[in-house]
Amino acid sequence: MKDIGTVDQVNIEARVAMLCKRSIKNQAKIAGLKMAISMMDLTTLEGKDSAGKVLAMCNKAMHPLESDPSIPSVAAVCVYPNMVPVAKKALKGSSVKVASVATAFPSGLAPLPIKLDEVKRVVEMGADEVDMVINRGDFLAGRYDDVANEIAQVKTACGNAHLKVILETGELETFDNVRLASFIAMQAGADFIKTSTGKAAVNATLPVTLVMLEAIRDYYYATGKRIGMKPAGGIRTAKQALQYLVLVNETLGDAWLSPDMFRFGASTLLNDVLMQLEKQRTGAYQAGDYFTKD
Amino acid sequence: MRLTVQKTYKMFVNGQFPRTESGRSLEVKDAKGKFLANVCWGSRKDVREAAVAARKAFGGWQKKTAYLRGQILYRMAEMLERRNAEFITELMAMSGKTRVQADQEVAKSIDRLVWYAGWADKFTQQFGCVNPVAGSFFNFSVPEPTGVVGIVAPERPALLGIVSTIAPVILTGNTCVVIASQKHPLCAVSLGEVLVTSDLPAGVVNIITGKASELVPTLSKHMDVNAVVDYRSDMATFKASAVEGADSVKRVIGHLNITEKSWYDDKKCQNPYWIQEVTEIKTAWHPIGV
């Protein structure tokens, strides 16, 4: 693990600040925003989630804006395990995938057999993608092998389902740790690495995303394997979404600018993007009142 | 010999004093055409930010008790009184008024705030009513704030104009985005400093300086602005605003061609109906116990 190197924090922050200044207007903005929608994992992860809410969200996932068919459907919906059958049924026949969180989300603090069983069950119920959390306690205590083994076993339990590994960067303290955790996850079999659960005090940020994107890049150079990236939590505005896309494009290039390689985990982002697209179409700033709430 | 420190006139948005995102500035000249100061040449994006701030502030401001809103308006009067020397100096420099005239304008502005402050806990009784209905129900109609209101303040008088237009809008619980006087914007910016020290929650009043021709259409088209009250435009511009406002079923209200002198006339420009026109009537049925 020593050969993965360390992160230059000052440089990362300066690069993010520089890339955020890009001005993206008109046609490029519209294309970028539509791309952002097609990469979205529309998410609801609340204790009060109900079948009704998930159904409404699935409808929105397939047809984000009923009045404008040029707007693509989102990439996936992301729900708790019990909601997987509901979502699967609602999305039948569409291109929208079902992602389920698993492994005792969001803490990850449950015995491994239970976590593996949970993963198997969500895949049986029809989840196309599984979002697992790493054991941050083990990671911070330096038990990296345990973390890696757990990810590898979850990957096996996933079968054909795609595995996204949530690092919960808000709890990893340093960029060096984020980079190390990214490599552990990628080496252990992650298809995607994901920043956050959305439940921690600090969720996805641009700098931490850049650290992970650079880890993906370095891993690709070393192994030739392409790993996907999913920032999640705290991405609420269309402007932020475009900034993330710039980061991806400048770090990993076109090959990653697709829903197969990059996702946004978000719940309120979609409406802001729709409002911006309507603004571009009509020339008038929009109000939340005219868009369905998930 | 020392250089005096010049004041940077910025805008007032969300309880803060940001520069315009456009980075542009406009020269403000005094009555003789001599350079006085630079102010922000606000852009449509500044209006957008202001509307977001106003929307965010609306929920909390609307829920404050009528009494408290009145107190805060009164507090604005207190703060203005304390700083009247500054406003007098600004008015003299900016609009070429004599000290007596400037003093009169500031005094009138303060009085007007006090007058509207009193309305905060009275407009509901005045504009609401109990309706006679055939059945065992109470039926009430009560005025409620309409939401985010755009205000196009008059060019002159620079201070009295903006004060007289903000007060009737916010006292009911509305929040507002104000396009300040284009030729004489300095007092509007300084008024922001009064508001920020008056316990007025951030975002209730947002003041943008710049060119009305650029800013007014953004306001009237904005889907999240519920009403626009225009005290400045010509009839053609006002009609265009009304058409643009139709998409969001906005109230576009015009009080055009008010002369500068009229603003001092309490019978004309101290008007409870200016309170009523930016409220919505809500009617509720309530069963009477048998």
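Residues numbered from 1 in each chain as written. Chains lettered and ligands numbered in written order. Predicted model: local features only at pLDDT ≥ 70, side-chain atom pairs only at ≥ 80, totals over all residues.

A. View of the overall build of chain B. When helices and strands are counted, chain B shows 11 helices and 10 strands. The C-alpha atoms of chain B give a radius of gyration of 19 Å, which matches the 19 Å a tight globule of 290 residues would have. Projecting the C-alpha coordinates of chain B onto the three principal axes gives extents of approximately 85 × 40 × 30 Å. The buried share of chain B, reckoned over its 290 residues, is 47%. The long-range fraction of contacts in chain B, counting pairs at least 24 apart against all pairs at least 6 apart in sequence, stands at 75%. (Helix = DSSP H or I, 4+ residues; strand = E, 2+ residues; numbered from the N terminus. Rg over C-alpha atoms; globule rule 2.2 N^0.38 Å. Buried ≥ 20, exposed ≤ 12 C-beta atoms within 10 Å, placed from the backbone. Contact = placed C-beta atoms within 7 Å.)

B. Focus on the interface of chain B and chain A. Each side of the interface is counted separately: chain B has seven residues, and chain A has six residues. Across the side of chain B that touches chain A, the residue classes break down as two nonpolar, one polar and four charged. (Nonpolar A, V, L, I, M, F, W, Y, C, P; charged D, E, K, R; others polar.)

C. Structural view of the sheet that holds strand S8 (residues 227-230) of chain B. All names here are of chain B. As summarised here, the arrangement of the five strands in space is S7-S6-S5-S8-S9, forming an open sheet in which the pairing is parallel. Looking along the sheet, the strands with just one partner apiece sit at the ends: strand S7 (205-208) and strand S9 (251-254). Taking the axes of each pair of neighbouring strands and ignoring which way they run, one obtains an average angle of 15 degrees across the sheet. In this sheet, S9 lies alongside S8 in parallel orientation, the contact comprising four bridges. Counterpart to valine 228 in the pairing with S9 is valine 252. (Pairing = 2+ DSSP bridges. Axes fitted to C-alpha atoms, helices over the stretch in contact; angles between N-to-C directions.)

D. Spotlight on the pairing of S8 of chain B. Residue and element names in this part refer to chain B. Burial of the side chains of S8 extends over both faces: Ala227 and Val229 are buried on one face and Val228 and Asp230 on the other. Where strand S5 (residues 148-152) lies against S8, four bridges are found, and the strand directions are parallel. In the sheet register, valine 149 faces S8, and the bridge partner there is alanine 227. A crossover links S8 with its parallel partner S9, the connecting element being helix H9 (residues 235-245), and its sense is right-handed. (Right-handed = clockwise from strand over helix to strand, strands pointing away.)

E. Seen up close, the sheet that holds strand S3 (residues 97-101) of chain A. Residues and elements named next belong to chain A. Read across the open sheet, the eight strands follow the order S7-S6-S5-S4-S3-S2-S1-S8; overall the sheet is parallel. Strands at the two margins of the open sheet, each flanked by one partner only, are strand S7 (228-230) and strand S8 (264-266). Averaged over all pairs of adjacent strands, the angle between strand axes in this sheet comes to 25 degrees, irrespective of strand direction. When S3 meets strand S4 (residues 129-133), the two strands line up parallel, connected through three bridges. Looking across to S4, one finds that alanine 99 is bridged to glutamate 129. Its contacts with the sheet put helix H3 (residues 51-62) on strand S1 (40-43) and strand S2 (76-79), and the angle it makes with S2 is roughly 160 degrees.

F. Quick peek at helix H10 (residues 238-251) of chain A. Residue and element names in this part refer to chain A. A rise of 1.5 Å per residue sets the reference length of H10, with its 14 residues, at 20 Å; its end C-alpha atoms lie 20 Å apart and thus fit the reference within 8%. Within H10, the full set of buried residues consists of Ala238, Gln240, Ala241, Leu242, Tyr244, Leu245, Leu247 and Val248. Elements that come into contact with the buried residues of H10 comprise helix H1 (9-19), helix H2 (26-38), helix H9 (206-223), S7, S8 and helix H11 (269-282). Of the residues flanking the end of H10, it is glycine 253, one or two places downstream, whose phi is positive at about 85 degrees. (Expected span 1.5 Å × (residues − 1).)

G. Examining unusual backbone geometry more closely. Proline 106 of chain A follows phenylalanine 105 of chain A through a cis peptide bond whose omega is 0 degrees. Among the structural elements, proline 106 of chain A can be located in the loop between S3 and helix H5 (112-124). The omega torsion across arginine 156 of chain B and proline 157 of chain B is -5 degrees, close enough to zero to call that bond cis. Counting through the fold element by element, proline 157 of chain B comes out in the loop between S5 and helix H6 (158-170). A positive phi angle is found at glutamate 168 of chain A, which is not glycine, with a value near 50 degrees. Mapped onto the elements, glutamate 168 of chain A comes out in the loop between strand S5 (162-166) and helix H8 (175-188). By the C-beta count within 10 Å, which is 26 here, glutamate 168 of chain A ends up buried. Notably, asparagine 14 of chain B is not glycine yet its phi reads approximately 55 degrees, a positive angle. Among the structural elements, asparagine 14 of chain B can be located in the segment before strand S1 (25-29).

H. Here's a closer look at the packing of helix H3 (residues 84-95) of chain B against helix H4 (residues 99-119) of chain B. Residue and element names in this part refer to chain B. Interhelical geometry of H3 versus H4 gives an angle of 125 degrees and a closest axis separation of 9 Å. Considered as vectors, H3 and H4 are oriented oblique to each other. In this structure, the crossing between H3 and H4 has a hand that is right-handed. In this structure, H3 uses Asn84, Phe87, Ile88, Leu91 and Met92 to contact H4, whose residues at the interface are Arg99, Ala102, Asp103, Glu105 and Val106. Of the residues contributing to the contact of H3 with H4, the split by class is six nonpolar, one polar and three charged. (Parallel < 35°, antiparallel > 145°, perpendicular 65-115°, else oblique. Left-handed = near helix turned anticlockwise from the far one by under 90°.)

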